[in-house]
Amino acid sequence: MRRSMLLPVLLVLALSAAGCDRRSPSAGQAEGASNVAAVSPDEVKPGGGAATTSAAGAIDRSHAGTTAPDYAFKDATGKAVTLASFKGRPVLLNLWATWCGPCVKELPTLDALAKREAGKLTVVALSQDMDAGKAAPFLAARHLANLGAFTDASMRWLPAVTTNLPTSILYGADGKERWRVLGDRDWTGAAAAKDLAS
């Protein structure tokens, strides 16, 4: 295998082993038990340092004010775009993959958000699958018509921006990060609406 292909393959294997597809708490757990995402000691935050354990879906403002990366990715037509292409309105970037259970779980709520906020907020669901051809049919099969099939087959966004899937990052109209969320979230709920307005 060529050396340039080895890193993405190892990254996919590491994410799979690290538990991107975390299962829901077992039926034996008490109702209302905190669903805290387990973090492996070898997971590292961008910029260095061990990742901290936090509740899935919690807002993280530690990167607020950081300019959006200029990494290119492809839109549904195969055209190269960057987040700067959407400058002028807020962008919710969601990094996901077809093989990530929590990612798939939250996609319908992202689709509903994209429909509800069309014209006010751009939702960019950026597939981290190495096969760029998987995203469009995957979204179509689930009738997620409001999410464009954006792809990052080079997996440049992982691990440069985050080590966990799904990760959602809200960028303001100025292209600066406001906050991020690690783990899946219901984007149709009142809490998400409040956070998106902040």
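Computed from a prediction, not measured in an experiment: that's the story for all the values here.

J.: Any details on the overall build of the protein chain? Residues and values, ideally.
T.: Helices and strands together make up the secondary structure of the protein chain, namely five helices and eight strands. Across the 198 residues of the protein chain, 41% fall into the buried class. With an accessible surface of roughly 10,300 Å², the protein chain has 57% of that area assigned to carbon and sulfur atoms.

J.: Residues and numbers for helix α2 (residues 101–116), please.
T.: Here α2 is 16 residues long and its end C-alpha atoms lie 24 Å apart, about the 22 Å a rise of 1.5 Å per residue gives. Of all bends in α2, the biggest is about 35 degrees, found at L107, and the proline P108 comes one to four residues later. Among all positions of α2, only P102, C103, E106, L107, T109, L110, D111, L113 and A114 are buried. For α2, the secondary structure elements touched by its buried residues are β4 (91–96), β5 (122–127), α3 (135–141), β7 (167–171) and α5 (190–197).

J.: I'd like to hear about the pattern of salt bridges, residue by residue, with values.
T.: Taken as a whole and judged by the stated rule, the model has five salt bridges. The partner of K120 in a salt bridge is E117, with the nearest N and O atoms 3.8 Å apart. Classification of K120 as exposed rests on a relative accessible area of 52%. A salt bridge links D195 to R185, with the nearest nitrogen and oxygen atoms 2.4 Å apart. Of this pair, D195 sits in helix α5 while R185 is found in the loop between β8 (177–182) and α5, placing the two residues ten residues apart along the sequence. Its relative accessible area of 15% is what places D195 among the buried residues. Each member of the salt-bridge network shares a partner with another, and the members are R116, E117 and K120.

Definitions and cut-offs
- Residues numbered from 1 in each chain as written.
- Predicted model: local features only at pLDDT ≥ 70, side-chain atom pairs only at ≥ 80, totals over all residues.
- Heavy atoms only, no water.
- Helix = DSSP H or I, 4+ residues; strand = E, 2+ residues; numbered from the N terminus.
- Buried < 20%, exposed > 50% of the residue type's maximum accessible area, 1.4 Å probe, protein only.
- Areas by Shrake-Rupley, 256 points an atom, 1.4 Å probe, with all protein chains shown as cover.
- Expected span 1.5 Å × (residues − 1).
- Bend = angle between axes of the 7 residues up to and from the residue.
- Contact = heavy atoms within 4.5 Å.
- Salt bridge = Lys/Arg side-chain N within 4 Å of Asp/Glu carboxyl O.

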